[in-house]
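Breakdown of the fold
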Amino acid sequence: MMKQIIDKWGKSIGIYLFLMILFPFVMPDEYYRSVGIIIGLQAIVTIGLCLVMGLAGQISLGQAAFWGIGAYTSAVLTTKYGLPPFIGLIAAAIVPGLFAFILGRAIAGLQGYYLAMATLAFGYIVQIGITEWEPVTGGANGMISIPQMTFFGGSELSMYFLIWGVVTCVLLFSLNLLNSRVGRAFRAIHKSEIAATSMGIDVRKFKLNAFVVSGMFAGISGGLYAHYMGILDPQPFGLHESIKFLTMVVIGGMTSIWGALIGTILIGFISEALVLLSEVVPGLQGDVDTIVFGAILVLFIMFMPEGLVPRIRTAFEKGQAKKAKAMADEAQRKQQVERKAAT
Amino acid sequence: MTELLQYVANGLVSGGIYAIVAVGFITIYNVSKVINLAQGEFLMLGGMVTVALIGMNLPYGLAALLAILMVTLIGVLMQKYVIAYVKKANPISLIILTIGISTLIRGIASFIWGKDAFALEPITSNEPISIGGVMIAQQSIWILAAVLIILFLLWYLMDKTILGKKINACSVNPMAARLMGISPTKMSMLAFAISGATGAIAGIVIAPLSVTSYDIGVLLGIKGFSAAILGGLGNPLGAAVAAFLLGIVESLGAGYISSGMKDAIAFLVLIGMLLIKPSGIFGERSVGKGGL
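Residues numbered from 1 in each chain as written. Chains lettered and ligands numbered in written order. Predicted model: local features only at pLDDT ≥ 70, side-chain atom pairs only at ≥ 80, totals over all residues. Heavy atoms only, no water.

1. What about the nonpolar core?
Our working rule: Nine residue types can take part in a nonpolar core, namely buried Ala, Val, Leu, Ile, Met, Phe, Trp, Tyr and Cys, and a core is a set of them joined through side-chain atoms within 4.5 Å. Per-residue accessibility, obtained with a 1.4 Å probe over protein chains only, is compared with the maximum for each type, and a residue is labelled buried under 20%, exposed over 50%, and partly exposed between these values. Secondary structure elements are defined from DSSP: runs of H or I of at least 4 residues count as helices, runs of E of at least 2 residues count as strands, and each element is numbered from the N terminus. Throughout, a residue-residue contact means that at least one pair of heavy atoms, one from each residue, lies within 4.5 Å.
Core analysis: the largest hydrophobic core is formed by 195 residues, its most contacted members being Leu224, Leu232 and Leu246 of chain A together with Ile96 and Leu97 of chain B. Residue contributions to this core peak at 14 residues, all from helix H2 (residues 30–55) of chain A. Filtering out sequence-adjacent residues up to four positions away, Leu224 of chain A remains in contact with Leu41, Ile44, Leu89, Met149, Met159, Leu162, Ile163 and Val166 of chain A.

Here's what the structure looks like:
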């Protein structure tokens, strides 16, 4: 399995690892490292979302809810019950996975708008639930002094590598999935559910699995987020964040795992740039990033629905084909000239 | 007993608003098979634009009229330049598209008006009236009157006029409609105009009762959509009835269980409904099948 992936994506993985390891050293500023950490956390979520959207052809507008469930699960277990963060993180994967399973079971037959609205509603219920369940979650005031991870001393740099280590695992797992029989089944579902069913693919089961895996990824990321931040409140786990995740996947290309990663990095930097901009330009009140994400979603669906990575890949392949054709033409022409010269 | 009646009365008022949103969804869905997730934003814009225009010293009636026209125009432009452009997109892209539009509108609204909530003066006095011990704000009566008039007019338009028959023809078979000289694109544009106008009216009449702010559209949109699904997507009458039911259930839940959980109750009803009978209470089996 591993060999197949390396055969297929070896170059990309190499570039990815190189840049990922290089980043914190060319950016020794703690601030940029923390930006890198947040982007890594988001990438774990968006790669999972990509499995649901790009491969299973479904949409989830409640990804931030799974993120939140993971964050609060680990935070409550470690802060209130004194469990080590490691156990908290395992629970942060399992509990959202269970939620995704139950929700997915309930709505596995749904598609399109129904699933979109069901997940949107679920997201709201979770955010309301977190706010209302005050004795456990601290309500709107949130939780403080959540234990930090003591991974290699717990510095910003070690956190960065821990989180990007998880991103790498999630990435390889997803690429592997994409390359396997399961991945082919997913792509068949994305193309046509009816055709997939007639080929003997259990569509419901596959969609459910994709949904559960995406919930677990989001949960792990949430758990890491809780321990990285040390404080939590319900605010970041709402629709705004879910739409941000959606934008990341759309911009990179829904059908590409690499697209999800690149989309996350792009949006991450755009968000940072907007924060910096709003500090310089005084009139920028309100959610400027909301305008930007909304515009990106609309423009991409209108003009580049396949997303950046597949578009670039097609352009590259076209270029290659053109080059090959030009070379073939040239060879043919030469041959003709030679033949003429011979006669 | 009075308490129960009071909750039911409150529920009827909010249910009326959900009914307008739900009918807006269905009007567009029937013609163009698009669920416009920016529907709630139409309500928000109706209220906010009116507040803004009154702030510029325009008289109430004129401000409201201009706001309605503006939102109608936004609906038409949205159909013409965005929805029509991606005619052949798959459902998942259409969902993302309308989500994008709603996010964009919300963002622009927060950019223009900030995050503060605004209140509008009630159409008549602030004094609530008592009917058999049940206190009803005068504005609530305006809301219910507006809802009933809009629902009646829509029913009349769809069932009794040639224009309504044209719209229905497009929803049944766009190809055949085109052969009969009806332009499905124009009908779709009309549907967006109708849903923009009705949404704006709803947004204006509720603004005095519950404050309006840039982000009220999301909740109203989801609840309207819940009602549309509960009633059976594609069936306006069913959706209106379901919307009133949803309003009452929500109000009872808020009264007897917890007011903080009010919104969660509506969503639990939605998920429960999707679980048991996704085609809705009054829906036909075929409607919305294949997830559209």
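More follows now that the structure is in view.
2. Overview of the pattern of salt bridges
Residues and elements named next belong to chain B. So the rule is basically this: Salt-bridge detection follows one rule: a side-chain nitrogen of Lys or Arg within 4 Å of a carboxyl oxygen of Asp or Glu.
Throughout the structure, instances matching the rule amount to 6 salt bridges over all chains. A salt bridge links Arg106 to Glu41; the shortest N-O distance between them is 3.2 Å. Of this pair, Arg106 sits in helix H4 (residues 91–113) while Glu41 sits in helix H2 (residues 39–55), and the two are 65 residues apart along the sequence. Accessibility expressed as a relative area gives 9% for Arg106, which makes it buried. On the accessibility criterion, Glu41 (1% relative accessible area) is buried. Glu250 is paired through a salt bridge with Lys223; the nearest N and O atoms lie 3.2 Å apart. In this pair, Glu250 is assigned in helix H10 (residues 236–256) and Lys223 in helix H9 (residues 216–231), connecting sequence segments 27 residues apart. Grouping residues by exposure puts Glu250 and Lys223 together as buried.

3. Digging into the state of the cysteines
The line we're drawing: When two cysteine sulfur atoms are found within 2.5 Å, that pair is recorded as a disulfide.
In the structure shown here, the tally under the stated rule is 0 disulfides over all chains. You can see Cys169 of chain A has no disulfide; the closest cysteine sulfur is in Cys50 of chain A, sitting 18 Å from it.

4. Some details on unusual backbone geometry
Residues and elements named next belong to chain B. Residue Lys33 is not a glycine yet carries a positive backbone phi of 55°. Note on placement: Lys33 falls in the loop between helix H1 (2–32) and H2. With a phi angle near 70°, Asn57 is a residue other than glycine that sits in the positive phi range. If you trace the backbone, Asn57 turns up in the loop between H2 and helix H3 (60–83).

5. With respect to a positive patch on the surface
Residue and element names in this part refer to chain A. Keep this limit in mind: Residues with no salt bridge and a relative accessible area higher than 30% make up the patches, which join like charges within 9 Å and nonpolar side chains (Val, Leu, Ile, Met, Phe, Trp, Tyr) within 5 Å. For accessible areas, the Shrake-Rupley method is used with a probe of radius 1.4 Å. Any residue's cover is judged against the shown protein chains and nothing else. For this count, His and the chain ends are skipped, Lys and Arg are scored as positive, and Asp and Glu as negative. In plain terms, the charge of a residue is placed at NZ if it is Lys, CZ if Arg, CG if Asp and CD if Glu.
There is a patch of like positive charges on the surface, built from Lys8, Arg181, Arg184, Arg187, Lys191, Lys205 and Arg313. No other element matches the 4 residues that helix H8 (residues 181–191) contributes to the positive patch. With respect to the helices and strands, Lys191 occurs in helix H8. Under the relative-accessibility criterion, Lys191 is labelled exposed at 75%.

6. Observations concerning the interface of chain B and chain A
The cut-off we apply is this: Summed over both partners, the accessible surface that disappears when two parts come together, traced with a 1.4 Å probe, is what is meant by buried area. Whenever two N or O atoms come within 3.5 Å, that pair is a polar contact, provided that in protein one can donate a hydrogen and the other can accept it, and provided that, for residues adjacent in sequence, both atoms are side-chain atoms.
The interface of chain B with chain A comprises 51 residues on the first partner and 41 residues on the second. Carbon and sulfur atoms make up 80% of the area that chain B and chain A hide from each other, which totals about 4000 Å². Here chain B and chain A share 0 salt bridges between them. Across the chain B-chain A interface, the total number found is 0 residue pairs in polar contact (both at pLDDT 80 or more). Only H3, H4, H9 and helix H11 (262–276) of chain B provide two or more residues apiece to the side of chain B that touches chain A.

7. Some remarks on the packing of aromatic side chains
Residue and element names in this part refer to chain A. Rule in force here: For Phe, Tyr and Trp, rings pair up if their centres lie within 6.5 Å, where Trp contributes its six-membered ring, and each pair is then called stacked (planes under 30 degrees apart), edge-to-face (over 60) or tilted (otherwise).
Scanning all chains against the criterion turns up 21 aromatic pairs over all chains. Arranged with centres 5.8 Å apart and planes meeting at 85°, the rings of Phe66 and Phe211 form a pair that is edge-to-face. Linking Phe66 in helix H3 (residues 63–81) with Phe211 in helix H10 (residues 203–229), this pair joins segments that are 145 residues apart in sequence. By relative accessible area, which is 5% here, Phe211 ends up buried. Look at Trp67 and Phe245: their rings are 5.5 Å apart centre to centre, the planes differ by 90°, and that puts the pair in the edge-to-face class. Remark: Phe245 occurs in helix H11 (residues 239–252) and Trp67 occurs in helix H3; sequence separation between them is 178 residues. The exposure classification of Trp67 matches that of Phe245, with both residues buried.

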